[in-house]
2 protein chains.
Amino acid sequence: MVNQRIAEILRNSQPDESVTIKGWVRTKRELKEFTFIEVNDGSFLANLQVVLNPDLPDYDTILKQINTGASVEVSGVIVPSLGKGQRIELKASSVIVYGDADAATYPLQKKRHSFEFLRTIGHLRSRTNTIGAVFRVRNACASAIHQFFQERGFLWIHSPIITASDCEGAGELFTVTSLNLNNIPKTKAGEVDFSQDFFGRKAYLTVSGQLQAEVMAMAFRDVYTFGPTFRAENSNTSRHLAEFWMVEPEMAFCDLNGDMDLAEAFLKYIFKYVLDKCPEDMEFFNERIDNSVLATAENIINNEFQRITYTEAISLLEKAERQFEYPVNWGLDLQSEHERYLAEELFKKPVIVTNYPVGIKAFYMRLNDEEKTVAAMDVLAPKIGEIIGGSQREERLDVLQKRMESQGINPEDLSWYLDLRRYGTVPHAGFGLGFERLVQFMTGMGNIRDVIPFPRTPLSADF
Amino acid sequence: MVNQRIAEILRNSQPDESVTIKGWVRTKRELKEFTFIEVNDGSFLANLQVVLNPDLPDYDTILKQINTGASVEVSGVIVPSLGKGQRIELKASSVIVYGDADAATYPLQKKRHSFEFLRTIGHLRSRTNTIGAVFRVRNACASAIHQFFQERGFLWIHSPIITASDCEGAGELFTVTSLNLNNIPKTKAGEVDFSQDFFGRKAYLTVSGQLQAEVMAMAFRDVYTFGPTFRAENSNTSRHLAEFWMVEPEMAFCDLNGDMDLAEAFLKYIFKYVLDKCPEDMEFFNERIDNSVLATAENIINNEFQRITYTEAISLLEKAERQFEYPVNWGLDLQSEHERYLAEELFKKPVIVTNYPVGIKAFYMRLNDEEKTVAAMDVLAPKIGEIIGGSQREERLDVLQKRMESQGINPEDLSWYLDLRRYGTVPHAGFGLGFERLVQFMTGMGNIRDVIPFPRTPLSADF
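None of the values given here were measured: they were computed from a predicted structure.

*Asks:* Which parts of the structure should I look at to understand the relation of the copies chain B and chain A?
*Replies:* Turning one copy of the chain about an axis and sliding it along that axis gives the other copy, so a rotation and a shift relate them. Take chain B, turn it by 180°, move it 0.0 Å along the axis, and it overlays chain A with an RMSD of 0.0 Å. Put plainly, the chains are arranged around a two-fold axis. Within chain B, the C-alpha atom positioned nearest to the axis of rotation is that of Val176 of chain B, 2.4 Å from it. When you check the interface residues of chain B against chain A, 100% turn up at the interface there too, and the contact is symmetric in its surfaces.

What follows is the structure in structure tokens.
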């Protein structure tokens, strides 16, 4: 007799096997001759059906306790199931009820609940089919990411969460302070006296670990970050979070081509891994949430990504026989509608657009020889648009300094970053992937708040 | 001809093999007949010795450029090494110098540097032997942690970094705000008007993901967090960081015994994994940093952990034939000297102490039947003291409410946490491990600031 997860039992167990399961009751169905309960332990989308016979000790007491939501331990024997929809079921020989759940107040009674409602009970929503499947897929994605990089000899490095650097210019920053906001110390000039704060200066939550990843790549060649990042942007949309996880590989001795190769191999690997590990959950999303997610996954896995320059992309968009809401013009950034047109309609597969105009990209991206574009790349996927953004980094000290100055960044403030170009500089490249966007993309979930356990958004930091 | 990491070459390559390496010059030694350089790419502790013959194209130019710190790509053939200390070396047929490093200003010239000095050049220190080895071991530890839990079907869950809950009472909190500190909005009563802040209320950086891990365990059975946590404690010691990573597994249907079993299996697994993956680095730490680290690792791997109750521990300490600085008395917490006595001197192996007095432990730990102790456990290791702290959680609603009230916590503030006991409550347990403490312990490094890439401590948030 073993204590198993329900996933293993539903996948592998054979009639006559003795098992003990532990989980939560999803439904109870009382018939004249016996009672069916469905038990779920979070390891699998489907429930295990359990048959309770009236000859069970304390049958009547147990029956009253095992409402939806109750926690139970059931021992018994696997038998073939006569009902449709399942191969096997568990004939109970003993039942322990650990905790009940009052049917009058337990919010997760058997019916459809809107995702909006489920967000208000974030501490219980993982006990539903859809959110349960989301977090199993999320875990598989995260695990795939580590496995992909570790197999290739990349080191996972922990870039700092608290940073004193505000010069990356990637949106608005959260302040981190230990000062008492009711009684902020001031300097003689009347400004906040940050010398009395914990770090002796202004500190923020990080928006990216890239600059620190570059530091580590200049010692270990291939590294990646996988950690939380933050934006204090007041964006109340289905695609924005104030706190989200980001993956940022960085490779020394690597150019834009190597960067694109890595990004393509990376996405293929993760999608394949998740299809292998969570086939039932992915089928479920395809059936109930978005009937294109399996086709999209196969598309990513099986197609060579199209690679075009930004200039080519503009020309293709200008030739497109359709009206765009936003203008198409060399020098302007691509909008989501443009990105989706290229990936979804024109090439019908992922597209990597390279060499964007210098004016619309960050200071650290490598200036191309014609000095009008930088060695950036965005991976555009069908259905979602940009999923990865990366670049070869500017490794030439003088060019980097000029680019910083032209963007109003004082090189003094990032002298440590410039040191990487002073001492043993090398061509290097990397990219960033928003982890929740990936999970959203993979599952087809409409709102990003439903793919992170405890979403942080404007006016909301519950649980 | 392949482009390989130096670790693979030093471990596996045979004479006559053609290779291309990329890395940074550690030393240069000019002889009459030829020049030796040692190249390191961060993949391995040892350098690869490269022989440059004067018949190499541009020999004189190259020689001037390849000072310590310069970045190079070298192609050539592996030959047996005549020098001592290495099996093979690389005879160069071509050299590309990507970037030089001015010997007059590059701080990492060949000599011993203090760790204090290296902290001031945190963006370059990973290019040294010791810090390089630390971060390879750190990566192996992190990778082992994920592999351990994933193999056992645990889900990695991301507990929130920003939290509005301040009732865990685990030390001082950092405030997170998007308010302008120079112009804080006030209510009519003159208090800070947090309704105007990003989250509409006070928000903090998390000190632990445990409560949220419990939420997820009540849906998925077995989960773990591995993420950053924070303390705004003004502790300037060699063992404190304001920002550090924590690992927190949580298991439903698990008691204190299961918790101890997991903790023991977990530590054994990680130490074994690191010895397997980083044998050279661990040898190095044993030789240069702390000559007990290998013995300690073997001790953890090969011994069954001793399990004793707190009450037994007090009795053993009272019988000890030595003076302790801090008093030993039932009801007082164990100090580091007591913990080390038990693990290092008395049992000479890891010790798990259980069932601590209720008065010195957190509200969520399960009250034992005699109501004087709680089902807590601390794992004490030789040389370091407490490395893991955990407990069975209080799963009984009424007992938990009373415990909260007696500790001045308003149950209303954690009503979602209490819901886990209202609906399908189960016995459950978990523990916490400070990741940097583990790496410090494993490597023998004296200061915790040297085992995290970018340490955050009072008055210091560089890079």
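*Asks:* Got a minute to help me understand the pairing of strand β16 (residues 385–392) of chain A in this structure?
*Replies:* Side chains on a regular strand alternate between the two faces of the sheet. Residues and elements named next belong to chain A. Most of β16 is tucked away, with 6 of its 8 residues classed as buried. Judged from the 6 bridges that link them, strand β15 (residues 373–381) and β16 form a sheet pairing that is antiparallel. Paired with Leu380 across the bridge in β16 is Glu386. Turn length for the β15-β16 hairpin, with the two strands adjacent in sequence and antiparallel, is 3 residues, and the turn residue Lys383 shows positive phi of about 80°. Relative to strand β17 (residues 428–434), β16 is paired through 5 bridges, and the arrangement is antiparallel. Among the inter-strand pairings, Gly390 is bridged to a residue of β17, identified as Phe431.

*Asks:* Hey, could you run me through helix α10 (residues 336–346) of chain B in this one?
*Replies:* Count 3.6 residues to each turn of an α-helix, and residues three or four apart come out pointing the same way. What α10 of chain B keeps buried is the set Glu337, His338, Glu339, Tyr341, Leu342 and Ala343 of chain B. Next to the buried residues of α10 of chain B lie α9 (310–319), β14 (351–357), β15 (373–381) and β16 (385–392) of chain B.

*Asks:* Would you mind going over the packing of aromatic side chains with me for this structure?
*Replies:* We describe a pair of aromatic rings using the distance from one ring centre to the other and the angle between the two ring planes. Scanning the model with the defined rule gives 59 aromatic pairs over all chains in all. Aromatic side chains Phe271 of chain A and Phe441 of chain A sit 5.6 Å apart centroid to centroid with 75° between the ring planes, which places their arrangement in the edge-to-face category. With Phe271 of chain A in helix α6 (residues 256–277) and Phe441 of chain A in helix α13 (residues 435–443), this pair connects stretches of sequence that are 170 residues apart. Accessibility assignment for this pair places Phe271 of chain A and Phe441 of chain A in one class, buried. Ring pairing ties together the aromatic residues Phe148, Phe149, Phe154, Tyr224, Phe266, Tyr269, Tyr273 and Phe431 of chain A, which thus form one cluster. Here the basic side chain of Arg421 of chain A rests over the ring of Tyr417 of chain A, its NZ or CZ set 4.2 Å away from the ring centre. Geometry around Tyr356 of chain B places Lys361 of chain B over its ring, the cationic atom sitting 4.3 Å from the centre.

*Asks:* Whenever I open this one, the side chain of Thr177 of chain A confuses me. Can you help?
*Replies:* Position of Thr177 of chain A among the secondary structure elements: in strand β9 (residues 175–177). Judged by relative accessible area, Thr177 of chain A falls into the buried class, the value being 1%. A distance of 2.9 Å separates a polar side-chain atom of Thr177 of chain A from the backbone nitrogen of Leu179 of chain A. What Thr177 of chain A contacts, discounting residues up to four positions off in sequence, is Asp197 of chain A together with Phe174, Thr175 and Leu181 of chain B.

*Asks:* Where do I start with the interface of chain B and chain A in this structure?
*Replies:* Interfaces are often described in size by the accessible area the parts lose on coming together. At the interface, 109 residues of chain B touch 109 residues of chain A. Between chain B and chain A lies a buried interface of about 8800 Å² when both sides are counted; carbon and sulfur atoms form 64% of it. A per-residue breakdown of the area chain B buries against chain A is headed by His158, Phe198 and Tyr423 of chain B, which together make up 9% of the total. The interface formed by chain B and chain A contains 4 salt bridges. The salt bridge partner of Asp462 of chain B is Arg201 of chain A, with a shortest N-O separation of 2.6 Å. Linking chain B with chain A are 49 residue pairs in polar contact (both at pLDDT 80 or more). The element best represented in the side of chain B that touches chain A is helix α4 (residues 129–151) of chain B, accounting for 10 residues. For the side of chain B that touches chain A, the class distribution of residues is 53 nonpolar, 34 polar and 22 charged. As paired strands, β9 of chain A and strand β9 (residues 175–177) of chain B are joined by 3 bridges and run antiparallel to one another. Each bridged residue has a counterpart across the sheet, and for Thr177 of chain A the counterpart in β9 of chain B is Thr175 of chain B.

Scoring rules and cut-offs
Residues numbered from 1 in each chain as written. Chains lettered and ligands numbered in written order. Predicted model: local features only at pLDDT ≥ 70, side-chain atom pairs only at ≥ 80, totals over all residues. Heavy atoms only, no water. Least-squares fit on C-alpha atoms with pLDDT ≥ 70 in both. Contact = heavy atoms within 4.5 Å. Buried < 20%, exposed > 50% of the residue type's maximum accessible area, 1.4 Å probe, protein only. Helix = DSSP H or I, 4+ residues; strand = E, 2+ residues; numbered from the N terminus. Pairing = 2+ DSSP bridges. Phe/Tyr/Trp six-rings, centres within 6.5 Å; stacked < 30°, edge-to-face > 60°. Lys NZ or Arg CZ within 6 Å of the ring centre and 35° of its normal. Polar contact = N/O pair within 3.5 Å; in protein donor to acceptor, adjacent residues only side chain to side chain. Buried area = accessible area lost by both parts, 1.4 Å probe. Salt bridge = Lys/Arg side-chain N within 4 Å of Asp/Glu carboxyl O. Nonpolar A, V, L, I, M, F, W, Y, C, P; charged D, E, K, R; others polar.

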